[in-house]
Amino acid sequence: MRRWIAWLARLPTGAKLFLILSAALLPLALIALFAARQTTQAADAELVSRTRSAANESTHALDIELAGDMTALRVALNALDADGHDTPSCARAQGVFAEQLAMGARFTIADRAGQVRCGSAAKIDLPVEIPDRAGAIAANIAPEEGLVLAMAAPSGKLTAKAVFPKAMLAQIARPNGFMPPYAATLIHDGQRLTLQDLPSMTPFDRTESVALPLGINGLSFEITLRSVPISSALIVAMLLPILMWAAAAGIGWFVVDRLLIRPLRELRTLVAGYQPGSVLDIGLARSMPAQEIRELGETFRTITGTVAAHEAGLAEGLVRQTKLTREVHHRVKNNLQVISSLINFHARGARSIEATVAYASIQRRVDALAVVHRNHFAELEETRGLSLRSVIGDLASNIRANAPETAGLSIVLDLDSYLSTQDVATAVAFLLTEIVELAMMVQSDAALRISLKPEIDDAEPTDRRAVLRISSPALIDGEQLRTELSERYGRVIEGLSRQLRSKLHHDPLVGAYEIVIATTGRD
C-alpha cells in the first residue's frame, strides 16, 4: 500500500487529476454499460433457448432415423451371417432403406473377399474402421459423400456399410416450422460435416451454437443460429458510456491543465531561470489566465527585488570587509618586517657569538611568519588558499639570506604546486625553520633538500594530501643530533606535527624527516 502511495505522490498533478476524475466517473460508465449489456444478454438468452429447442428436435429426428436404419441393417447382417442364402432378410432391409435409397443413400453387406451379398451392386470403399465387437457401430465423415456407418457380423465374416449423403441428412435434421436461417453440422472426432451453411456471414454477425450427442459412436449434431448482429446502434449503445467517461475525464483534465497546471509550470520555469541579484521579470506571468497565479508572480517579483537589494548590501559589505582584512594582513606583515629589522639591528650590536646566534634564530622564526602573511596578502583576492610552493620558496630564500656568512648552507627545492589553508602554511613554515636550524646546529655547512610531492593512496596519487620531505646528511642519527633534539628542538617539532594533525617520521639512516599534510587542491 505504501508503495502505491509513494508512486501516486511522484505523479504530476495533471496525471493525479485525470486518475481521480476517471475513478469518480467510472462507476457511472460501468452502470450504463451494464444496462446495455443486460439488454443484449436478454436477447441472446432467448436465442439460445430457441437454438437448444431446434437442436433437440433435429437430434431426435436424426437419432431415430439412423438408429432405425442401422437396426434393420444389423438384422439383415446377422441373418446372412447365419444363412448366406437368406434373401428375405436382404429384401426386408432393402424395403426399410427404400425411401433413403431414393434420396441417395446406399448400403452393402459384403464378405471378406469383397463380394456383395446384399444392397448396392458396387462395394462401398469409403474409409471407416470396422469394429471388432459384434453389434458396435463405427462412424466416419467423408466430406464429399456424407456420413459412413459400418458394423461387423458376430462371426466377423461379413461387414455392413451404409452411406447417408449430406442432402438427406440435412432434410432429416430440418426442424419443423423453423423459418430463421440456421447452420447444421455433424461432428465426429474433430471432423465436421456441414449439412447447411448460414448465408452471407459478415465479420459483424454474431451466432449462437448448441451441440447435442447422437446415440451412435461419438457422433454429435450442432445447430447454429444468427443472433442480433453488431450494428451501429449496438456499438453506440455499448461504447457511449465509455466515451462519455473518457470525454468527461479528458475535458476536466484539459481545463485544469490549461488554467492551472501549465501556468504554474511556466511560472516555475521562469523562477528556475532566476539569476541572483536580478529582479524577476513577470511579463509572462501577467498574461496567465488565473488571477491567483498572476498575484503569485507579483509576489515573486517583490521577493526577488528585496533579495536583490539585500545582496547588493551584502556585496558592498563584503568589499569593505575584504579591504579591512587586506589592510590587517598588510599591517601585520609590515610590523613583522619592522620587528625583523630591529632584531637584525640589535644582532649587529651583540657582544657575543651566542647572542648573535640567538638573534638569528629569533629572526628566522619572525621571517617564517612574515612569509606566510605576505603570501596570504597576495592570495586574498582569490579564496583558493595559499600556495605552498611560494611560501616554501620565500622561506628558503630568507633562511639562506640570514645564514651566517661563514656557513656554507645550501637548500635545494623540488616542489609541486599545492594550495593550503593559512593554519597549515604557518605550521609548515615553522616546521621547516626548526628542522633547517637543527641541521645548521649539527653541521654549519649543511646541504638540505626539500620536496613536496603527492601522497600515493591505493596506488593512485591524490590531490588532497601531499608529502613534505626534508633530507640532509646533517639529519643522520648522531650524538649531536640527539642532543639538540632532546634539549631544544624535539618538543617544538613534535608540537608542530600535532598542529598539522599528522605524524612526523624520521629516517635516521638516510637523514630525512617526512610528514603528510592536508591541502586544498592543486595550484
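Here, every reference points to the structure presented above.
Residues numbered from 1 in each chain as written. Predicted model: local features only at pLDDT ≥ 70, side-chain atom pairs only at ≥ 80, totals over all residues. Heavy atoms only, no water.

Enquirer: Quick rundown of the overall build of the chain? Include the residues and the values.
Expert: Check the secondary structure of the chain and you find 12 helices and 17 strands. Residue burial in the chain is summarised as follows: out of 523 residues, 38% are buried. A separation of at least 24 residues holds for 66% of the contacts in the chain among residues at least 6 apart in sequence. A total accessible area of about 29,300 Å² is found for the chain, and carbon and sulfur atoms account for 58% of it. (Helix = DSSP H or I, 4+ residues; strand = E, 2+ residues; numbered from the N terminus. Buried < 20%, exposed > 50% of the residue type's maximum accessible area, 1.4 Å probe, protein only. Contact = heavy atoms within 4.5 Å. Areas by Shrake-Rupley, 256 points an atom, 1.4 Å probe, with all protein chains shown as cover.)

Enquirer: Run through the pairing of strand 16 (residues 512-518), naming residues and quoting values.
Expert: Taken across its 7 residues, strand 16 has 5 buried, putting it largely inside the fold. Looking at chain direction, strand 15 (residues 505-507) and strand 16 are connected through 3 bridges and run antiparallel. From the neighbouring strand, histidine 506 faces strand 16, where its bridge partner is tyrosine 513. (Pairing = 2+ DSSP bridges.)

Enquirer: Which residues make up the packing of helix 11 (residues 422-442) against helix 12 (residues 479-499), and what values do they have?
Expert: Relative orientation of the contacting elements helix 11 and helix 12 amounts to 175 degrees, with a least axis distance of 9 Å. With respect to helix 12, the element helix 11 is oriented roughly antiparallel. Along its contact with helix 11, which presents Asp423, Ala427, Phe430, Leu431, Glu434, Ile435, Glu437, Leu438, Met441 and Val442, the element helix 12 presents Gln480, Leu481, Glu484, Leu485, Arg488, Tyr489, Val492, Ile493, Leu496 and Gln499. Within the contact of helix 11 with helix 12, the residues separate by chemical class into 13 nonpolar, 2 polar and 5 charged. (Axes fitted to C-alpha atoms, helices over the stretch in contact; angles between N-to-C directions. Parallel < 35°, antiparallel > 145°, perpendicular 65-115°, else oblique. Nonpolar A, V, L, I, M, F, W, Y, C, P; charged D, E, K, R; others polar.)

Enquirer: Tell me about the sheet that holds strand 6 (residues 182-188), residues and numbers included.
Expert: One open sheet accounts for 4 strands, arranged 7-6-9-8; its pairing is antiparallel. Each edge of the open sheet carries a strand with a single partner, namely strand 7 (191-196) and strand 8 (207-213). This sheet shows a mean twist of 25 degrees between the axes of neighbouring strands, independent of strand direction. Note: strand 8 against strand 9 (residues 220-226), 7 bridges, orientation antiparallel. Looking across to strand 9, one finds that valine 210 is bridged to isoleucine 223. In this fold helix 5 (residues 166-173) packs onto strand 6, strand 7 and strand 9, with an angle of close to 70 degrees to the strand it touches most, strand 7.

Enquirer: Quick one: what's the story with unusual backbone geometry, residue by residue and with numbers?
Expert: Leave glycine aside and you will find that most residues have negative phi; peptide bonds, for their part, are mostly trans. Although it is not a glycine, aspartate 189 sits at a positive phi angle of roughly 50 degrees. Here aspartate 189 shows up in the loop between strand 6 and strand 7. Residue aspartate 189 is classed as exposed on the basis of its relative accessible area, which comes to 68%. Even without being a glycine, arginine 501 presents a positive backbone phi close to 60 degrees. Relative to the assigned elements, arginine 501 resides in the loop between helix 12 and strand 15.

Enquirer: So what about the state of the cysteines? Which residues, and what values?
Expert: This model, assessed by the stated rule, comprises 1 disulfide. Shown here is the disulfide that connects cysteine 90 with cysteine 118, its sulfur atoms set 1.8 Å apart. Because the sign of the S-S torsion sets the handedness, a value of about 95 degrees for the bond joining cysteine 90 and cysteine 118 places this disulfide among the right-handed ones. Note that cysteine 90 is positioned in helix 3 (residues 87-96) and cysteine 118 in strand 2 (residues 116-119), a separation of 28 residues in sequence. In terms of burial, cysteine 90 and cysteine 118 fall into one category: buried. (Disulfide = S-S within 2.5 Å.)

Enquirer: Can you explain a nonpolar patch on the surface? Please cite residues and give values.
Expert: A cluster of nonpolar side chains, namely Ile251, Trp253, Phe254, Val255, Leu259, Leu260, Leu264 and Leu296, defines an oily patch on the protein surface of about 680 Å² accessible area. With 7 residues, helix 6 (residues 232-272) is the single largest residue contributor to the nonpolar patch. Within the fold, phenylalanine 254 resides in helix 6. (Patch = residues over 30% accessible without salt bridge, like charges linked within 9 Å, V, L, I, M, F, W, Y side chains within 5 Å. Salt bridge = Lys/Arg side-chain N within 4 Å of Asp/Glu carboxyl O.)

Enquirer: Hey, could you go over the pairing of strand 2 for me, with residue numbers and the actual values?
Expert: With 3 bridges connecting them, strand 1 (residues 106-111) and strand 2 associate as antiparallel partners. When the bridges of strand 2 are listed, isoleucine 109 appears paired with cysteine 118. With antiparallel pairing between neighbouring strands as the criterion, strand 1 and strand 2 make up a hairpin whose turn holds 4 residues, including glycine 114 at a positive phi of roughly 90 degrees.

Enquirer: Residue-level account of helix 10 (residues 388-402), with values.
Expert: Compared with the 21 Å implied by 1.5 Å per residue over 15 residues, the 21 Å span of helix 10 between its first and last C-alpha is a close match. Of the positions making up helix 10, those classed as buried are Leu388, Val391, Ile392, Gly393, Leu395, Ala396 and Ile399. (Expected span 1.5 Å × (residues − 1).)

Enquirer: Could you give me a rundown of the pattern of salt bridges, with the residues and numbers involved?
Expert: Applying the stated criterion across every chain yields a total of 13 salt bridges. As a salt-bridge pair, glutamate 222 and arginine 192 come within 2.5 Å of each other at their nearest N and O atoms. Of the two residues, glutamate 222 sits in strand 9 while arginine 192 sits in strand 7, which places them 30 residues apart along the sequence. Given a relative accessible area of 14%, glutamate 222 falls into the buried group. Salt bridges here are not isolated pairs; linked through shared partners, they connect Asp414, Asp416, Arg449, Lys453 and Arg522.

That's the geometry; what it means functionally is another story.
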